[in-house]
Amino acid sequence: MDGTEYADRMILALRAKYEEDQTKDQNVEEEIVVGARKLPLYRDMLFEGKCSILLPDTMTDMGETEKAVVYRNAKRPQIVKTDREAGISMTFSLAPVEEIPESISLQRDRIRSDMKKIWKQNVFYDQGEIRAEGFPVAWMDYRAFCLDSSLYCLLFLFPVEGKMVLGNFHCGFPQYDIWKPAVLKLLATVRRTEPE
C-alpha cells in the first residue's frame, strides 16, 4: 500500500468517525445513519403484534426456503429480516422460559457463559443493557468464525408476555463498526404490546 492510498483510507476513516460522532445523540424515529448512509425506518410488528421494533426499510422477511438453507438447524429462528445487498440479517425467536429472571442481564450472562464453553473459537467483546419503552433489553456482541470469513454478531434479549425474545444481528466482520451503533439505537425502539 503506497502513502497516497494509506492517506485516503485514513481520511475516509476519520470522515466516518466524524459522521458517527455527529449522529451519536440522534433520535431514531424516521431514519438512521449507518456509516455514510441515511436509511429510512419502518415499525415492524413481531410475533402477531406482541412486540415491535424500528428497522431499516431495506430489511425484508427471508423466505422459508432460504431460511432453511441459511439456518440448517431444525430450531432455526422464527423471524429473519435481511438486507441481502448490505449483507446483514436480524433474527428473532420467541422462547418459553420457566420464569423470567429478576435481571435480564443475568440471563444474558448465563447465555454468554454457556456460549464460551461451547464455541471456544468465538471472541467476545462488549455487553450492556439498553432501556426500551419501560423495560431493559440486554445485549452482548462477539465475533464468530466461518470457513472462509468471520461474522460480527450482536445478540439481544428481552421479556414479552412471560416469554423471552432472543434476537441476533449479524453482518460480515469488516462492517461491524458502522452497524453496531445503529443496531444499539434500534434496540431502544423495541415496544411491547400489552395483552388486553
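The following paragraphs examine the structure supplied in this document.

How each quantity is defined
- Every chain begins its residue count from 1, and numbering advances along the sequence as written.
- Residues qualify for local features only when their pLDDT is at least 70, as the model is predicted, and side-chain atom pairs are given and counted only at 80 or more; totals for whole chains, interfaces and linings, by contrast, use all residues.
- Hydrogens and waters are ignored; side-chain quantities use all the structure's heavy atoms.
- Using only the protein atoms, space was sampled on a 1 Å grid; points where a 1.4 Å probe fits but cannot get out form cavities, open sets with protein on both sides within 12 Å along at least five of seven lines form pockets, and lining residues are those with an atom within 4 Å of a point.
- Grid points are joined across faces, edges and corners, and a volume is the space filled by probe spheres set on the points.
- To qualify as a helix, a DSSP run of H or I must reach at least 4 residues; to qualify as a strand, a run of E must reach at least 2; elements of each kind are numbered from the N terminus.
- Each residue gets one label: Ala, Val, Leu, Ile, Met, Phe, Trp, Tyr, Cys and Pro are nonpolar, Asp, Glu, Lys and Arg are charged, and the others, such as Gly, are polar.
- Within this scheme, the nonpolar core is defined by two criteria: the residues are buried Ala, Val, Leu, Ile, Met, Phe, Trp, Tyr or Cys, and they are joined through side-chain atoms within 4.5 Å.
- Exposed residues in this analysis have more than 50% of their type's maximum accessible area, buried residues have under 20%, and partly exposed residues fall in between, with area computed by a 1.4 Å probe over protein chains only.
- Contact definition: two residues touch when any of their heavy atoms are within 4.5 Å.
- Only rings of Phe, Tyr and Trp enter the pairing, Trp through its six-membered ring, and a pair is recorded when the two centres are within 6.5 Å. The plane angle decides the type: under 30 degrees is stacked, over 60 is edge-to-face, the rest tilted.
- Our definition puts a charge over a ring when NZ of Lys or CZ of Arg is within 6 Å of the ring centre and also within 35 degrees of the ring normal.

Roughly 1200 Å³ of volume is contained in the largest pocket. Considering the residues around the largest pocket, the lining is formed by 34 residues, among which M115, W119, Y142, L155 and N168 are closest to the centre. Only β6 (88–96), α3 (104–118), β8 (136–145), β9 (150–160) and β10 (163–172) provide two or more residues apiece to the lining of the largest pocket. Residue contributions to the lining of the largest pocket peak at six residues, all from α3. Class assignment for the residues of the lining of the largest pocket results in 20 nonpolar, nine polar and five charged.

Turning next to the nonpolar core. If you look at the biggest cluster of nonpolar residues, it comprises 38 residues, and the most contacted ones within it are W179 and L187. The set of elements that each furnish at least two residues to this core consists of β1 (31–34), β2 (37–46), β3 (51–56), β6, β8, β9, β10 and α4 (176–187). If you tally residues by element for this core, the top one is α4, at six residues. The contacts of L187, once residues within four sequence positions are left out, are I53, I130, A132, V137, W139, L154 and F156. I111, Y142, L157 and M164 belong to the second largest nonpolar core, which has 12 residues in total.

So, on to the packing of aromatic side chains. Under the counting rule described, the total for this entry stands at seven aromatic pairs. Between the aromatic rings of F169 and W179, the centroid separation amounts to 5.6 Å while the plane-to-plane angle is 35°, which identifies the pairing as tilted. With F169 in strand β10 and W179 in helix α4, the pair connects residues that are 10 residues apart, well separated along the chain. Put simply, the rings of Y125, Y152, F173 and Y176 touch in pairs and so form one group of aromatic residues. Above the plane of the ring of F173 lies R143, whose end atom (NZ or CZ) is 3.8 Å from the centre. Positioned above the aromatic ring of F135, the side-chain terminus of R192 is 3.9 Å from the ring centre.

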